[in-house]
Amino acid sequence: MTTSLLLFLFFLPLVKPDSDPVQDYCVPDTGSSPVELTKLSSYPCKNPPNVTAGDFVFSGILSPGNFSAETGFAGISVNPVQFPGLNTLGMSFARADFQPGGVNPPHYHPRATETALVLSGKVYSGFVDSTGRVHARVIEKGEVMVFPKGMVHFQLNVGKSMATIYGSFNSQNPGLIRLPVTVFGSGIRDAVLEKAFGLTEEELEKLKKRFEPKDLVVDD
């Protein structure tokens, strides 16, 4: 067996989105404190006799979230912070709602593949692969599209009525990188952005003002 093959076999288990659980479930026992995502691994599990069916039921996506006036989009992300019963199960999910013409701007999830199921409406949906090729089409009620891990993707309501999508992720902490906000609202030095995008100082200032950090409701 070659050295390269041995190295491949050694590192193969490390590429899984989340570690496999060693028990049926682990509902975090935080006492009276809220769950913090960065501290999940430090929480003990609830004693199984104290776990109830209610620990595995979540009602927080019955209605849309708050819509952005700029994008016409509302998103509700659900991970073990909002729904502790997801802890160690290697998944999370989200509800996304679109007003007519609403858009979920280009973004990606560094730690998860996403599947998006259309519950209502018509959504132009797609992603860009590592060769720069766009894979996009209009999907309607009952159709599902998959966005591979780390691929930039987007969604636009092209119908005349509201649209709703249910997204699921193969990680309890998929991460979210919004491209416009990351590029123009994170404080990258002006000279870099001006040269990279061929912008004048005035054009860049307009973009920075538009995407400056603020409370965001976009969360796919």
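Starting from 1, residues in each chain are numbered consecutively following that chain's sequence as written. Residue-level local features of this predicted model are given only where pLDDT is at least 70; pairs of side-chain atoms are given and counted only at 80 or more, and the full residue set underlies all totals for whole chains, interfaces and linings. To obtain the side-chain values, all non-hydrogen atoms of the structure were used and water was disregarded.

### Some thoughts on the overall build of the protein
Only runs of H or I of at least four residues qualify as helices and only runs of E of at least two qualify as strands under DSSP, and these elements are numbered from the N terminus. A count of helical and extended segments in the protein gives four helices and ten strands. Counted from the first residue to the last, the protein has its helices and strands arranged as α-β-β-β-β-β-β-β-β-β-β-α-α-α. Only protein chains enter the calculation, and the probe is 1.4 Å; a residue is then buried if its accessible area is under 20% of its type maximum, exposed if over 50%, and partly exposed in between. Scored against the burial criterion, the 220 residues of the protein give a buried share of 33%. Contacts are assigned to residue pairs that have any heavy atoms within 4.5 Å of one another. Put simply, 70% of the contacts in the protein that link residues at least 6 apart link residues at least 24 apart. The Shrake-Rupley method, run with a 1.4 Å probe, gives the accessible areas here. Residue values count only the displayed protein chains as cover. If you sum the accessible surface of the protein, you get close to 13000 Å²; carbon and sulfur atoms cover 58% of it.

### So, the pattern of salt bridges
Opposite charge on two side chains lets them pair, provided their charged atoms get close. Every case where a carboxyl oxygen of Asp or Glu lies within 4 Å of a side-chain nitrogen of Lys or Arg is listed as a salt bridge. Counting across every chain of the model gives six salt bridges. Arg137 is the salt-bridge partner of Glu143, the closest N and O atoms lying 3.2 Å from each other. Note that Lys208 is salt-bridged to Glu205, the shortest N-O span being 3.7 Å. Of this pair, Lys208 and Glu205 are both found in helix α4 (residues 201–210), three residues apart, which corresponds to roughly one turn of the helix.

### Structural notes on the packing of aromatic side chains
Here is the rule: rings of Phe, Tyr and Trp (six-membered ring for Trp) pair when centre to centre is within 6.5 Å. Planes less than 30 degrees apart are stacked, more than 60 are edge-to-face, and the remainder are tilted. In total, this model carries nine aromatic pairs according to the counting rule given. Both rings, one in Phe58 and one in Phe93, keep their centres 6.2 Å apart while their planes meet at 75°; by these two values the pair is edge-to-face. Of the two residues, Phe58 sits in the loop between α1 (3–11) and β1 (73–78) while Phe93 sits in strand β2 (residues 92–98), which places them 35 residues apart along the sequence. Of the residues examined, Phe58 reaches a relative accessible area of 26% and is grouped as partly exposed. Among the aromatic residues, those joined into a ring-pair cluster are Phe58, Phe83, Phe93 and Tyr166.

### Brief notes about the UniProt feature "binding site: oxalate" (unreviewed entry) in the protein
UniProt positions are given in the numbering used here, feature names are shortened, and annotations may be inferred rather than shown by experiment. Sites flagged by UniProt as "binding site: oxalate" (unreviewed entry) map to Asn104, His109 and Glu114. Following the sequence through the fold, Asn104 ends up in strand β3 (residues 103–108). By relative accessible area, Asn104 is classed as buried at 1%. The residue His109 is located in the loop between β3 and β4 (114–120) in this model. The class for His109 is buried, based on a relative accessible area of 1%.

### So, the sheet that holds strand β10 (residues 177–178)
DSSP bridges decide pairing: two strands pair if at least two such bridges lie between them. The strand order β6-β5-β8-β3-β10 describes an open sheet built from five strands, whose pairing is antiparallel. Each end of this open sheet is capped by a strand with a single partner; those strands are β6 (134–140) and β10. Examined bridge by bridge, strand β5 (residues 122–128) and strand β8 (residues 152–157) share six bridges and lie antiparallel to one another. Across the sheet, the residue bridging to Tyr124 is Leu156, located in β8.

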